[in-house]
Amino acid sequence: MSNKSKLFILLGLFVILCISFVLYVTLTPYVLLPKTLQEFVAIFERKETLPTQYDAQNDKTILYYNADFNENIYNDEVFVELMNMYALEFINGDSAYKLQVEDLETYGGDLAVFFYDFFTTVRNGDHEKYNSYFDSRAFKNREKASQFTMQQIYEISIKELDITPEFEDEYAWVSDASIEPIYVDVRYKIRKNNGTFRLGVESDTVKPQMYIIYKTNNSFKIIDILEYAPVYS
């Protein structure tokens, strides 16, 4: 092989490496690992118009998928597979149980059933029913949810926390009504998060929340949902 041929081969390899590096740098912020060819193609379809939000706390930009209010998430085979791994993880002390729907009441009780129903409502994009899970007085401190798309929520995990209530003035109605609050650490992931339901969290990542709820005759009502520093890993 001549020196000229070797030079062309080396130049070709260099060009390939450069293109690979550019693609890696360009695509990495937009996707974790595309699981299907369709998802890979979707990167190029959305990257120019991808909504963003600057996360000042972590000094980074969060990228959201474009919202499609006509999308039926249950037609997405990848999501359905993730959703069907288990209905909900119920953590009790040092034990964690990944429960299927038929086991929720037996092993997770009313709390597990409530949160499964709650997140099913979120998955279905039903903002009106979502608002009904809150005590009406809770909207003194928070706005009602407006329309959001169906949400590809999976890997839901809940754990009741042992916390002494320390309510500020905005929660005075809780004390006045003699309500006994229950604190629940709630974690989940949103595949292809478009930000219409929850902002400030990247796709396929966990950002714990604390749900403050109380027991009613038939179920639970939500007092508030807070971002918080988790007390367990």
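Scroll up for the structure.
Residues numbered from 1 in each chain as written. Predicted model: local features only at pLDDT ≥ 70, side-chain atom pairs only at ≥ 80, totals over all residues. Heavy atoms only, no water.

## Brief notes about the overall build of the chain
Applicable threshold: Strands are runs of DSSP state E lasting at least 2 residues, helices are runs of H or I lasting at least 4, and numbering of each runs from the N terminus. Between buried and exposed lies partly exposed: a residue is buried under 20% and exposed over 50% of the maximum accessible area for its type, with that area taken using a 1.4 Å probe on protein chains only. We call two residues in contact whenever any of their non-hydrogen atoms come within 4.5 Å of each other. Calculation of accessible area relied on Shrake-Rupley with a 1.4 Å probe; when residues are assessed, cover is drawn exclusively from the protein chains displayed.
The helix and strand inventory of the chain stands at six helices and eight strands. Order of helices (α) and strands (β) in the chain, N terminus to C terminus: α-α-β-β-α-β-β-α-α-β-α-β-β-β. Counting all 233 residues of the chain, 40% fall into the buried class. Long-range contacts, defined here as pairs at least 24 residues apart, represent 58% of the contacts in the chain between residues at least 6 apart. Carbon and sulfur atoms make up 52% of the accessible area of the chain, which amounts to about 14,100 Å² in all.

## Digging into the sheet that holds strand β7 (residues 209-215)
Rule in force here: Whether two strands pair comes down to DSSP finding at least two bridges between them. Interaxial angle, 0 to 180 degrees, is taken between N-to-C directions of lines fitted to C-alpha atoms, where a helix line uses only the stretch in contact.
Strand order in the open sheet formed by six strands is β4-β3-β5-β6-β7-β8, with mixed pairing between adjacent strands. Two strands lie at the open edges of the sheet, namely β4 (95-99) and β8 (220-227), each paired on one side alone. Within this sheet the neighbouring strands show an average axis-to-axis angle of 25 degrees, counted without direction. Relative to β8, β7 runs antiparallel, the two sharing seven bridges. Among the inter-strand pairings, K215 is bridged to a residue of β8, identified as F220.

## Some remarks on the packing of aromatic side chains
The cut-off we apply is this: A pair of aromatic rings is counted whenever rings of Phe, Tyr or Trp (Trp by its six-membered ring) have centres within 6.5 Å, and the orientation is called stacked for planes under 30 degrees apart, edge-to-face for over 60 and tilted otherwise.
Evaluation of the coordinates by the stated rule reveals 19 aromatic pairs. Between F115 and F119, the ring centres sit 6.5 Å apart and the planes meet at 25 degrees, which makes this aromatic pair stacked. In this pair, F115 and F119 both sit in helix α4 (residues 104-123), four residues apart, roughly one turn of the helix. Among the residues examined, F115 registers a relative accessible area of 0% and is labelled buried.

## Quick word on unusual backbone geometry
At E155, a position not held by glycine, the phi torsion is positive, near 55 degrees. Judged by relative accessible area, E155 falls into the partly exposed class, the value being 25%. In this structure, D204 is a non-glycine residue whose phi angle is positive, near 60 degrees. Inspection of the secondary structure puts D204 in the loop between β6 (182-191) and β7.

## A few points about the side chain of N194
Defined as follows: What qualifies as a polar contact is a pair of N or O atoms within 3.5 Å, subject to a donor-acceptor requirement within protein and to the restriction that residues adjacent in sequence count only when both atoms come from side chains.
Of note, N194 is situated in the loop between β6 and β7. Here T196 takes part through its side chain, which lies 2.7 Å from a polar atom of the side chain of N194. Contacts of N194, omitting those with residues within four sequence positions, involve Y64, Y65, N66, A67, T149 and Q151.

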